[in-house]
Amino acid sequence: MTTVPVAETPPQEGLGRRLSTFFFRHPRTRLAALLALPVAWMVVVYFGSLVVLLLSAFWDTDPFTAEIVREFTLENFQTIIERPVYRDVAWRTIQMALLVTLADVVLAFPIAYYMARVASTRTRNLLVVAILVPLWASYLVKVIAWRTILSDGGIVNWALEPFGLSFDGYSTVGLWLVFTYLWLPFMVLPIYAGLERIPTSLLEASADLGGRSLTTFVRVILPLAFPAIVAGSIFTFSLTLGDYIAPGLITSEQFIGTVIYNIRGQALPTAAAFSIVPIVVIVLYLLVARKLRAFESL
Amino acid sequence: MVESTLTRVLLRVGAGLTLAFMYVPLLVIGLYAFNQNVTQAWPIENYSTKWFSIAFENERARDALVLSVLAALGATAVALVLGTLAAMAVSRYRFFGREVISFAVILPIALPGIITGLALQATILDVLGPIGVSFGLSTIIVGHATFCVVVVYNNVIARMRRAVGSIDEASADLGADSWQTFRYVMLPQMRTALLAGGLLAFALSFDEVVVTIFTAGAQQTLPIWIFATLARPAQLPIVNVVALFVILVSIVPVYIASRLAGGAGLTSDRPPRGAVASELQAP
């Protein structure tokens, strides 16, 4: 910002004006005044709390009273690494997150492509709102809706009955459906934005050079849309990884979120240590995503 | 158009199926709110509006609604102040750590809610408890505001990028002090962005449950009331009515916000292209 020297009229008195002059002459102070509150809030409230949680992962628990003993120990991490149940739960959750991501890509791609390249501007704008509305509609209510749909007397089993089939909705497969549903809008929007950035001339060039639809799709569209797909997968993956409400309401199978939620009462230090697992997985995922240039598509 | 007719027909069908998949569950919960029976079987045999008045007379649900509204208003107010300040700093200045700010405001909704919740709960119990802070409306607001900042921030920063910085300087040259410049020059430009960000923050806070369970203590917001009441099958019809209500309360602000934010985009600085929900948009 360039400072323009204006000094003809002496500044009028008054606190507001003197303050304005002061801030104008000291842009750094002005910046500090703007940043003080938000930075203090994030550092004290959010990062402070995260530090408190991470610290408690190093505390001991009295085996008889379940009271927290504030003595440094690595036992909680040892428990998580050595007990196979934690490893199984972590692995099951990661698999779930990957399968949900895959399903969401498959479901999101056609509608994103339709919005980006086929629909009229009017339809496209309507569809964007149509995707945003379920994205923001109450998460808990969506899970409840699925609980009703997947129940024994629910719509799914009602539809399967004439074929002599039945489906145990309160299962891992049912949960996979629910997760796929919950995070689908988070996948549609980045893919749509990514596809829209592809210039039509590139597709025409591919056709001119003899590329058939499928060739153009596989060799031109997919590689160009890939960073956007990865960008969407950040949400589908990380949201699945930490959820505890949907798994708790749909199935009795344990996932990272439900384990943390269930053991936090008797063994907060172990829960804190286990919560480092999704943090590490998500950070690794974000690093890979950044390598794949997904952040530019967010 | 490069796409063949067949491709376009298939795309239309695929898009329609995905859209149906997105909306059928919302319609189903809407229909169940009118279900006369207590059992949740499909197809619904008798329709009735009797559960609406029963739900309205449920005192605990009403108390929960009041708490939810208060929490959402408080969180929105805090988020508006913090998000606007941060957005003004990041959009108007270059400084060391500028990228970190954009990243830091996104983190609370990028990391799993259970971690944010557990962290806040541990802090309230261990650090704030000894100095006399206990679970209640204020702790709910603090938790919600932390992840609501990002939606205000994203909306305001998108608007600030489109606005020309030299207008502020012109205002100062014409003799306005900082407050007048903010009040008469910057605020009118940001008004719809603030409204959109505020509405989204309200919607985000109003139906939040993942973090709230950890910060509410014994208090019940409406989503927590729903969560707790799910365990009582006899009350499910009331839950369905409240669920429909919650969906409408969260959808309406989003719809208005998406209109306000210009074209279709919620936060996009180049609408309607890249019209991505604000939380998806990393500045």
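Residues numbered from 1 in each chain as written. Chains lettered and ligands numbered in written order. Predicted model: local features only at pLDDT ≥ 70, side-chain atom pairs only at ≥ 80, totals over all residues.

Let's talk about the overall build of chain B
The helix and strand inventory of chain B stands at 11 helices and zero strands. Helices (α) and strands (β) of chain B occur, in sequence order from the N terminus, as α-α-α-α-α-α-α-α-α-α-α. For chain B, the C-alpha atoms occupy an extent of roughly 70 × 70 × 30 Å along the three principal directions. For chain B, the proportion of its 283 residues judged to be buried stands at 51%. (Helix = DSSP H or I, 4+ residues; strand = E, 2+ residues; numbered from the N terminus. Buried ≥ 20, exposed ≤ 12 C-beta atoms within 10 Å, placed from the backbone.)

Quick word on the overall build of chain A
Helix and strand counts for chain A stand at 13 helices and two strands. Relative to its length of 298 residues, chain A is extended, with a C-alpha radius of gyration of 26 Å against a globular reference of 19 Å. Overall size of chain A, expressed as C-alpha extent along the three principal axes, is 90 × 75 × 35 Å. Looking at chain A as a whole, 43% of its 298 residues qualify as buried. (Rg over C-alpha atoms; globule rule 2.2 N^0.38 Å.)

Quick look at the domain arrangement of chain A
Per the domain assignment, the segments making up chain A are domain 1 (16-44) and domain 2 (75-297). Averaged C-alpha coordinates put domain 1 of chain A and domain 2 of chain A at centres separated by 41 Å. (Domains from an automatic or database assignment.)

Quick word on the packing of helix H4 (residues 98-110) of chain B against helix H6 (residues 137-162) of chain B
Residues and elements named next belong to chain B. The N-to-C vectors of H4 and H6 enclose an angle of 125 degrees; their axes lie 8 Å apart at closest approach. Between H4 and H6, the interaxial angle falls into the category oblique. Read as a crossing pair, H4 and H6 show a hand that is left-handed. Taken together, the residues of H6 that come into contact with H4 (itself represented by Val 105, Ile 106, Pro 108 and Ile 109) are Thr 146, Phe 147, Val 149, Val 150 and Tyr 153. Along the lines of polarity and charge, the residues of the contact of H4 with H6 split into eight nonpolar, one polar and no charged. (Axes fitted to C-alpha atoms, helices over the stretch in contact; angles between N-to-C directions. Parallel < 35°, antiparallel > 145°, perpendicular 65-115°, else oblique. Left-handed = near helix turned anticlockwise from the far one by under 90°. Contact = placed C-beta atoms within 7 Å. Nonpolar A, V, L, I, M, F, W, Y, C, P; charged D, E, K, R; others polar.)

Considering the confidence of the model for chain B
In the predicted model, chain B carries a mean pLDDT of 83, and the fraction of residues at 70 or more is 91%. For this predicted complex, the interface score ipTM comes out at 0.81, alongside a pTM of 0.84. (pLDDT = per-residue confidence, 0-100.)

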